[in-house]
Amino acid sequence: MQLRFSEGWRGFKQMLGALPSEGSRLHAWRKFCLIAAFLLLTIILFRPHLMLPNRVYDWYFVVDITQSMNVPDYQVAGKSISRLQMAKQSIRKSLSALPCGSQVALGMFTERNVVNVVEPVEVCAHFAALDQTVASMDWRMAWAADSFIAHGLYNALEQAPKLGKQIRVMFFTDGQQAPPANPKYMPGYAGKPGDVQGYLVGMGKPVASKIPKLDEKNAVSGYWEQEEVQRFGNFGMAETLSVLAMEQGQHDRNAGHGPGTDLLNNAHLSALDEQNLQRLANITGLNYVRLEQSAQSSGWATGLGMTAWRWADTDLRPWLALPAIACWLLYLLLTFAGSPWVQWVVQRWSGARQAMRSSKILSK
């Protein structure tokens, strides 16, 4: 049987009423609470840490930096931002959400390969460097103009075990194959599905948009046209051109082996290729997810299925703050339990509860 609040408070006051005859005992309890709170807060000032078993996360964040990722089809605070900007915002929020002891590696994808730009480092000790590296990622770092998603994803999954036994992969891409390639020439996945856990993150909207051409100041200087893309179309097996060579019109590699206009009719437009990404996720055992808000990735990065338990440097301040607050509240309660204003609050609370109870009875 549960006691009502007023009855519980009355019992507590009766208990305290017995203490004045033992005033030294009440004083001792108050003194103990005050000293305990002071000592705990003093220890907190020294930022104590201890190696304890901790739930941490090891991630290899890979970002597609090809030109289709420059399509500004996201809206944030009323402004349009590109898929690449959205991916970087998501990774930076994920870094903030990861607990100390977690390990993070960073990579960038273009053409057929992923370049590991930062090997796994502890997230708290190297947060500033990781955050700055992500913020600095740019489409101009691309070493080639092509975008063969399957090759890049398989390459990232091949690198993952070498970076750490418990490393997970989060690959941000719109899934666009550029130039369109003949499926007969696409590689097979050499690994075992599910060996590397993680997420294949779909970027962009399903509605096709023009792919912008950006100048050295990241200003839009034009858009890719269908005729331009057709000049560079191939099966994906020819010699790869650099971004500069492609923009300057070099296309000797395409003579005699282009796929024809059927595959290139809409290649100058870009949309989230969800079908392709879902197929790749099924092949590799990754979870396919679609990014709509940058905060979503924080939940994926700290999901229970992605946990890696190990001894890690643990900040003890939150654990010490809770008993310090409890001691302080108990001290206040013992000090002001008999004061008129506390009794006034209790009476008002009891009256409010009684009014609510009466209104429920009347409503029936």
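Right above here is the structure, for reference.
Residues numbered from 1 in each chain as written. Predicted model: local features only at pLDDT ≥ 70, side-chain atom pairs only at ≥ 80, totals over all residues. Heavy atoms only, no water.

Draft legend 1. Local environment of the overall build of the protein. Secondary structure assignment for the protein yields eleven helices and 14 strands. Residues counted as buried form 43% of the 364 residues belonging to the protein. Across the protein, every contact between residues at least 6 apart in sequence was considered, and the portion connecting residues at least 24 apart equals 79%. (Helix = DSSP H or I, 4+ residues; strand = E, 2+ residues; numbered from the N terminus. Buried < 20%, exposed > 50% of the residue type's maximum accessible area, 1.4 Å probe, protein only. Contact = heavy atoms within 4.5 Å.)

Draft legend 2. Main features of the pattern of salt bridges. This structure, assessed with the given rule, holds eight salt bridges. Put simply, aspartate 73 and arginine 83 hold a salt bridge, and the shortest N to O gap is 2.9 Å. Of this pair, aspartate 73 sits in the loop between strand S2 (58-64) and strand S3 (74-76) while arginine 83 sits in helix H3 (residues 83-97), placing them ten residues apart in sequence. The two residues aspartate 73 and arginine 83 agree in class, both being buried. Note that arginine 140 is salt-bridged to aspartate 138, the shortest N-O span being 2.7 Å. Overall, the relative accessible area of 42% leaves arginine 140 in the partly exposed class. A relative accessible area of 13% means that aspartate 138 is categorised as buried. What you see here is one network of salt bridges that share partners, running through Asp73, Arg83 and Asp174. (Salt bridge = Lys/Arg side-chain N within 4 Å of Asp/Glu carboxyl O.)

Draft legend 3. The nonpolar core, seen in detail. Counting residues in each nonpolar core, the largest one holds 35 residues, and the members touching the most others are Trp59, Phe61, Leu106, Met170, Phe172, Val201 and Met203. Counting only elements with at least two residues in this core, the list comes to S2, H3, strand S5 (103-110), helix H4 (127-136), strand S7 (168-173), strand S8 (198-202) and helix H9 (296-301). Of all the elements, H3 adds the most residues to this core, at five residues. Leaving out residues up to four positions away in the same chain, phenylalanine 172 has contacts with Phe61, Val62, Val63, Asp64, Met69, Ala87, Ser90, Ile91, Val201, Met203, Leu291 and Ser297. Of all hydrophobic cores here, the second largest spans 25 residues; its members include Tyr60, Val62, Ile149 and Tyr288. (Core = buried A, V, L, I, M, F, W, Y, C linked by side-chain atoms within 4.5 Å.)

Draft legend 4. Expanded view of a nonpolar patch on the surface. A cluster of nonpolar side chains, namely Leu34, Ile325, Trp328 and Leu329, defines an oily patch on the protein surface of about 400 Å² accessible area. The element contributing the most residues to the nonpolar patch is helix H10 (residues 317-336), with three residues. (Patch = residues over 30% accessible without salt bridge, like charges linked within 9 Å, V, L, I, M, F, W, Y side chains within 5 Å. Areas by Shrake-Rupley, 256 points an atom, 1.4 Å probe, with all protein chains shown as cover.)

Draft legend 5. Structural view of the state of the cysteines. By the definition in use, this model includes one disulfide. A sulfur-sulfur separation of 2.0 Å characterises the disulfide bridge that pairs cysteine 100 with cysteine 124. Because the torsion about its S-S bond is -95°, the bridge between cysteine 100 and cysteine 124 counts as left-handed. With cysteine 100 in the loop between H3 and S5 and cysteine 124 in the loop between strand S6 (113-122) and H4, the pair connects residues that are 24 residues apart, well separated along the chain. Since its relative accessible area comes to 30%, cysteine 100 is described here as partly exposed. Its relative accessible area of 37% is what places cysteine 124 among the partly exposed residues. Cysteine 33 carries a free sulfur, and the closest cysteine sulfur to it, the one in cysteine 327, is 5.5 Å from it. For cysteine 327, a relative accessible area of 16% puts it in the buried group. (Disulfide = S-S within 2.5 Å.)

Draft legend 6. Examining the side chain of threonine 173 more closely. Topologically, threonine 173 is positioned in strand S7. Side-chain polar atoms of threonine 173 contact the backbone nitrogen of glycine 175, separated by 3.0 Å. Ignoring sequence-local partners within four residues, the contact set of threonine 173 consists of Asp64, Met69, Ile149, Leu200, Val201, Gly202, Met203 and Leu277. (Polar contact = N/O pair within 3.5 Å; in protein donor to acceptor, adjacent residues only side chain to side chain.)

Draft legend 7. Geometry of the environment of alanine 160. Tracing the backbone through its elements, the reader meets alanine 160 in helix H5 (residues 149-163). Separated by 35 residues in the primary sequence, alanine 160 and aspartate 195 place their C-alpha atoms 10.0 Å from one another. Setting aside chain neighbours within four positions, we find alanine 160 in contact with Ile167, Val169 and Val196.

Draft legend 8. Main features of H5. Helix length check: H5 (15 residues) gives 21 Å between terminal C-alpha atoms against 21 Å at 1.5 Å per residue, within 8%. Across the 15 residues of H5, twelve count as buried, placing the element largely inside the fold. The complete set of buried residues in H5 reads Ile149, Ala150, His151, Gly152, Leu153, Tyr154, Asn155, Ala156, Leu157, Gln159, Ala160 and Leu163. If you follow the buried residues of H5, they end up packed against S2, S5, S6, S7, S8 and helix H8 (274-284). (Expected span 1.5 Å × (residues − 1).)

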